[in-house]
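Each chain, letter by letter, is given below.
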Amino acid sequence: MSLIKQVSVKVDGTSYVYRCVHRIMEGDCQMEHGPFSATIKPLLADVFATTNEMYYQFLQESNYKPENPRNFLKHWQDGKYKDGDGNLPVVNVSQDDARAFAAHYGKRLPTEPEWQYLAAGDNHFKYPWGNKKDYSKCNVYSLKLCDVDQYPDGVSPFGLYNMCGNVWEFTDETNFDGDRDHYFITLRGGTSYNAPDYWHTECGAIPNDYHLKVHQLGDAMNRYETVGFRCVKEVE
């Protein structure tokens, strides 16, 4: 199996009118959903979500160990991913685990407005490929992850793969809604997982302007089998 190497694309700086929506179930989302003017600095954006192999190489180079290792990469065996899984997106990492990877390579996680722009482009598409929902262009309802270079017909206007489906993706913000010890993050992009009940996280082709609020409950519970990440780097 040929292992996928990360590729980055240059995205020029711009500004756009940011709007975001979310589902209200158990409590509201206190974030600003727009409209407001969002400034995007010039970026190098990762074409692919970070893979198991990429994260494995990071661990070999950095000797990174999370403060609380519970559930960290729990799908791996003996310190490495299973045979054949090298090109799958890495999961069972927390936002902090993802940030550590990004920082090691001089990168960071994208902000919410950055992520949305990378997925929607200058035409503000509803989905990475356009404005019409098309399940043939994303990995949804399959109940399994796919390699990060799959679904080439579903890339974003900047050529980024799997901005819809496969795994939800971390963004860089950590938010506090005013309650005691009540922190939350937001995810983007949707997943291949098909939740069995309405009260679970939405499935299917998730629009670019939708975010999911996720409460932070401690490292062990902040690692998920349906969430991965990609990175960006600010450039001149």
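The structure under discussion appears in the preceding block.
Residues numbered from 1 in each chain as written. Predicted model: local features only at pLDDT ≥ 70, side-chain atom pairs only at ≥ 80, totals over all residues. Heavy atoms only, no water.

A. Focus on the overall build of the chain. Scanning the chain from terminus to terminus reveals three helices and ten strands. Beginning at the N terminus, the succession of helices and strands in the chain can be written as β-β-β-β-α-α-α-β-β-β-β-β-β. Scaling as 2.2 N^0.38, a compact globule of 236 residues should have a C-alpha radius of gyration of about 18 Å, and the chain matches this with 17 Å. Oriented by its inertia axes, the alpha-carbon framework of the chain measures out at about 45 × 40 × 40 Å. (Helix = DSSP H or I, 4+ residues; strand = E, 2+ residues; numbered from the N terminus. Rg over C-alpha atoms; globule rule 2.2 N^0.38 Å.)

B. Up close: unusual backbone geometry. That bond from Gly34 to Pro35 is cis: its omega, 5 degrees, falls within 30 degrees of zero. With respect to the helices and strands, Pro35 occurs in the loop between β2 (14-18) and β3 (36-40). The backbone of Asn71 shows a phi angle near 70 degrees, a positive value even though the residue is not glycine. Position of Asn71 among the secondary structure elements: in the loop between α1 (52-62) and α2 (95-104). Classification of Asn71 as partly exposed rests on a relative accessible area of 26%. With a phi close to 65 degrees, Tyr151 is a non-glycine residue in the positive phi region. Position of Tyr151 relative to the elements: it lies in the loop between α3 (112-120) and β5 (168-170). (Buried < 20%, exposed > 50% of the residue type's maximum accessible area, 1.4 Å probe, protein only.)

C. Broad picture of α1. When α1 is considered as a whole, its buried residues turn out to be Asn52, Glu53, Met54, Tyr55, Tyr56, Phe58 and Leu59. Among the structural elements, α2 are those in contact with the buried residues of α1. Backbone geometry just downstream of α1 places Asn63 in the positive-phi region, at approximately 60 degrees. (Contact = heavy atoms within 4.5 Å.)

D. Molecular detail of α2. Every buried residue belonging to α2 is among Gln95, Asp97, Ala98, Ala100, Phe101 and Ala102, and all of these are buried. Trailing α2 by a residue or two, Gly106 shows a phi angle of about 70 degrees, which is positive.

E. Layout of the sheet that holds strand β10 (residues 232-234). Read from one edge to the other, the open sheet built from three strands follows the order β1-β4-β10, with strand pairing classed as antiparallel. Both outer strands of the open sheet, β1 (8-11) and β10, are each paired with one neighbouring strand and no more. Here the average twist between neighbouring strands, direction ignored, is 20 degrees. For β1 and strand β4 (residues 43-46), the ladder comprises four bridges, and the chain directions are antiparallel. Within the sheet, the bridge partner assigned to Lys10 lies in β4 and is Leu44. (Pairing = 2+ DSSP bridges. Axes fitted to C-alpha atoms, helices over the stretch in contact; angles between N-to-C directions.)

F. Quick peek at the nonpolar core. In this structure, Tyr55, Leu73, Val93, Phe170, Leu187 and Phe229 are the most contacted members of the largest nonpolar core, which totals 34 residues. With five residues, the single largest contributor to this core is α1. When residues no more than four places from it in sequence are discounted, the contact partners of Tyr55 are Thr50, Tyr64, Phe72, Leu73, Trp76, Val90, Val93, Asp97, Phe101 and Phe229. Ranked by size, the runner-up nonpolar core spans 15 residues in total, among them Ala38, Leu118, Leu160 and Met163. (Core = buried A, V, L, I, M, F, W, Y, C linked by side-chain atoms within 4.5 Å.)

G. Highlighting the packing of aromatic side chains. Following the criterion strictly, the structure yields 20 aromatic pairs and no others. Taking 5.1 Å as the distance between ring centres and 70 degrees as the angle between the ring planes, the aromatic pair formed by Tyr55 and Phe58 counts as edge-to-face. Placement of both Tyr55 and Phe58 in helix α1 is noted, with a separation of three residues, approximately one turn of the helix. Neither Tyr55 nor Phe58 differs from the other in exposure class; each is buried. On the basis of an interplanar angle of 70 degrees and a centroid distance of 5.4 Å, the ring pair of Phe101 and Phe229 is categorised as edge-to-face. With Phe101 in helix α2 and Phe229 in the loop between β9 (227-228) and β10, the pair connects residues that are 128 residues apart, well separated along the chain. (Phe/Tyr/Trp six-rings, centres within 6.5 Å; stacked < 30°, edge-to-face > 60°.)

H. Main features of the environment of Ser192. With respect to the helices and strands, Ser192 occurs in the loop between β7 (183-188) and β8 (212-215). C-alpha separation for the pair Ser192 and Lys10, spaced 182 residues apart in sequence, amounts to 28 Å.

I. How the structure looks around the packing of α1 against α2. Direction vectors running N to C along α1 and α2 enclose 70 degrees, while the axes themselves pass 10 Å from each other. Between α1 and α2, the crossing angle belongs to the class labelled roughly perpendicular. Across the interface between the two elements, Met54, Tyr55, Phe58, Glu61 and Ser62 from α1 touch Asp97, Ala100, Phe101 and His104 from α2. Considering only residue class, the contact of α1 with α2 consists of five nonpolar, two polar and two charged. (Parallel < 35°, antiparallel > 145°, perpendicular 65-115°, else oblique. Nonpolar A, V, L, I, M, F, W, Y, C, P; charged D, E, K, R; others polar.)

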